[in-house]
Amino acid sequence: MHLIFLGPPACGKGTQAAILKKEHGYYHLSTGDLIRKEVTAETELGRKLKVCIETGALGASEIVNELLKKDVENHRQMGILFDGYPRKQDQAEFLDSVIKENGSVLKRVFYFDIDANELYKRILGRITCNDCSIVYNLQTNPPKEEGICDCCKGQLVRRNDDNESVLKNRIQSFFEETAPLKGFYQKRGILTVINAIAPVELVTEQIISAL
Ligand SMILES: [Zn+2]
């Protein structure tokens, strides 16, 4: 019984995925994490993927498909939460075939509804702890004390690798290529639209009540 999270960068789906993983035992399949792992290991796939990441392009479907298929097979016994995949129609169809091959079903698709201006505000508000790497957000998840980490009292800084233009490209691509998948899943009666501007706990409630 698998789930999909559809949403642009900074919509809060990573936070929700972590909650579902911890509280409900889902395997969190983040294609972003799979890609980063491959890049770090400097495999041939990793080198090709690095170029895509640097340009913020969503291409290289075949490489991502290959990574995805392998990971689904490795976790076929678990409920899988797909995060960052599918991004396009052809990937949605590919995912259907992979799920079917593994004898499972897609139970529900959650669309994180949020507009681009809100996302830009969130991106600009991101700060990270220098010591323990926890991410805060001045808009949605501020630290208790300004500039200081709640957990370790470390100093909070703006991360350099939050490359704004890359994120903006990814947001734009989401609305052009991924958002139309909403209709694809709606027709099948498995789509739930989430108000992603709500506070974290209320977003979680919306998800749990639709499971
Ligand atoms: Zn810290």
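Residues numbered from 1 in each chain as written. Predicted model: local features only at pLDDT ≥ 70, side-chain atom pairs only at ≥ 80, totals over all residues. Heavy atoms only, no water.

Would you mind showing me how to read helix α9 (residues 200–210) here?
Because each turn of an α-helix spans 3.6 residues, side chains separated by three or four positions in sequence point in the same direction. What α9 keeps buried is the set Val203, Thr204 and Ile207. Here the buried residues of α9 occupy an arc of 100° about the axis, which is enough to place them on one side. Turned more than 90 degrees away from the buried face of α9, the exposed residues are Glu201, Glu205 and Ser209. Of the surrounding elements, those touching the buried residues of α9 are β1 (2–6), α1 (13–24), β4 (106–113) and β8 (191–195). (Buried < 20%, exposed > 50% of the residue type's maximum accessible area, 1.4 Å probe, protein only. Helix = DSSP H or I, 4+ residues; strand = E, 2+ residues; numbered from the N terminus. Arc of directions from axis to C-beta. Contact = heavy atoms within 4.5 Å.)

Is there a simple way to think about the coordination of the zinc ion in this case?
In a perfect tetrahedron of four donors around a metal, the angles come out at 109.5 degrees. In a perfect octahedron of six, they are 90 or 180 degrees. Coordination sphere of the zinc ion, protein contribution only: Cys129 (SG), Cys132 (SG), Cys149 (SG) and Cys152 (SG), at 2.3 to 2.4 Å. Taken together, the four donor atoms surrounding the zinc ion define angles of 98 to 116° at the centre, an arrangement classified as tetrahedral. One chain supplies every donor to the zinc ion, and in sequence these donors are spaced C-x2-C-x16-C-x2-C. Taken together, the positions of Cys129 in strand β5 (residues 126–129) and Cys149 in the loop between β6 (135–137) and β7 (156–157) put the pair 20 residues apart, joining distant regions of the chain. Here the two residues Cys129 and Cys149 agree in accessibility, since each one is buried. (Donors = N, O, S within 2.8 Å, 3.2 Å for Na, K, Ca; no water. Tetrahedral: all angles 85-135°; square planar, octahedral: opposite > 155°, others 65-115°.)

Sorry if this is basic, but what is going on with the pairing of β5 here?
Across a regular strand the side chains alternate sides, sitting on one face of the sheet and then on the other. Looking at chain direction, β5 and β6 are connected through three bridges and run antiparallel. Paired with Ile127 across the strands is Tyr136, a residue of β6. Between β5 and β6, which pair antiparallel and follow one another directly, the connecting turn spans five residues, one of which, Ser133, has a positive phi of 70°. Summarising the sheet, β5 and β7 pair through two bridges and their orientation is antiparallel. If you follow Thr128 over to β7, its bridge partner there is Val157. (Pairing = 2+ DSSP bridges.)

Can you help me understand the packing of aromatic side chains in this one?
Aromatic rings in a pair are described by how distant their centres are and how their planes are angled relative to each other. The tally for this structure, following the rule as stated, stands at five aromatic pairs. A ring pair is formed by Phe5 and Phe112, whose centres lie 4.9 Å apart and whose planes are at 65°; its orientation type is edge-to-face. Here Phe5, found in strand β1, pairs with Phe112, found in strand β4; they are 107 residues apart in sequence, far enough to count as distant. The residues Phe5 and Phe112 share a single accessibility class, namely buried. Ring pairs connect the aromatic residues Phe5, Phe110 and Phe112, which therefore count as one cluster. Here the basic side chain of Lys168 rests over the ring of Tyr120, its NZ or CZ set 5.1 Å away from the ring centre. The side chain of Lys182 reaches across the aromatic face of Tyr111, ending 4.7 Å from its centre. (Phe/Tyr/Trp six-rings, centres within 6.5 Å; stacked < 30°, edge-to-face > 60°. Lys NZ or Arg CZ within 6 Å of the ring centre and 35° of its normal.)

Help me understand the sheet that holds β5, please; the structure alone is not making it clear to me.
Backbone hydrogen bonds are what pair the strands of a sheet, in a parallel or an antiparallel way. The strand order β6-β5-β7 describes an open sheet built from three strands, whose pairing is antiparallel. Looking at the sheet topology across the chains shown, the edges are occupied by β6 and β7.

What am I meant to see in the sheet that holds strand β2 (residues 27–30) here?
Sheet architecture is open: five strands sit in the order β2-β3-β1-β4-β8, paired in parallel fashion. Across the chains shown, the open sheet's two edge strands, defined by having one partner strand only, are β2 and β8. Geometrically, the sheet is characterised by an average inter-axis angle of 20° between neighbouring strands, direction not taken into account. Helix-sheet contacts for α1 involve β1, β2, β3 (80–83) and β4, and the interaxial angle to β1 is about 160°. (Axes fitted to C-alpha atoms, helices over the stretch in contact; angles between N-to-C directions.)

Help me understand the pattern of salt bridges, please; the structure alone is not making it clear to me.
Two side chains of opposite charge can pair, provided their charged atoms sit close to one another. Within this structure, the stated rule accounts for seven salt bridges. Between Asp83 and Lys13 there is a salt bridge, with the nearest N and O atoms lying 2.9 Å from each other. Remark: Lys13 occurs in helix α1 and Asp83 occurs in strand β3; sequence separation between them is 70 residues. Both residues of the pair, Asp83 and Lys13, count as buried. We note a salt bridge from Lys69 to Glu101, for which the minimum N-O separation is 3.8 Å. (Salt bridge = Lys/Arg side-chain N within 4 Å of Asp/Glu carboxyl O.)

Function cannot be inferred from these measures alone, as they are strictly geometric.
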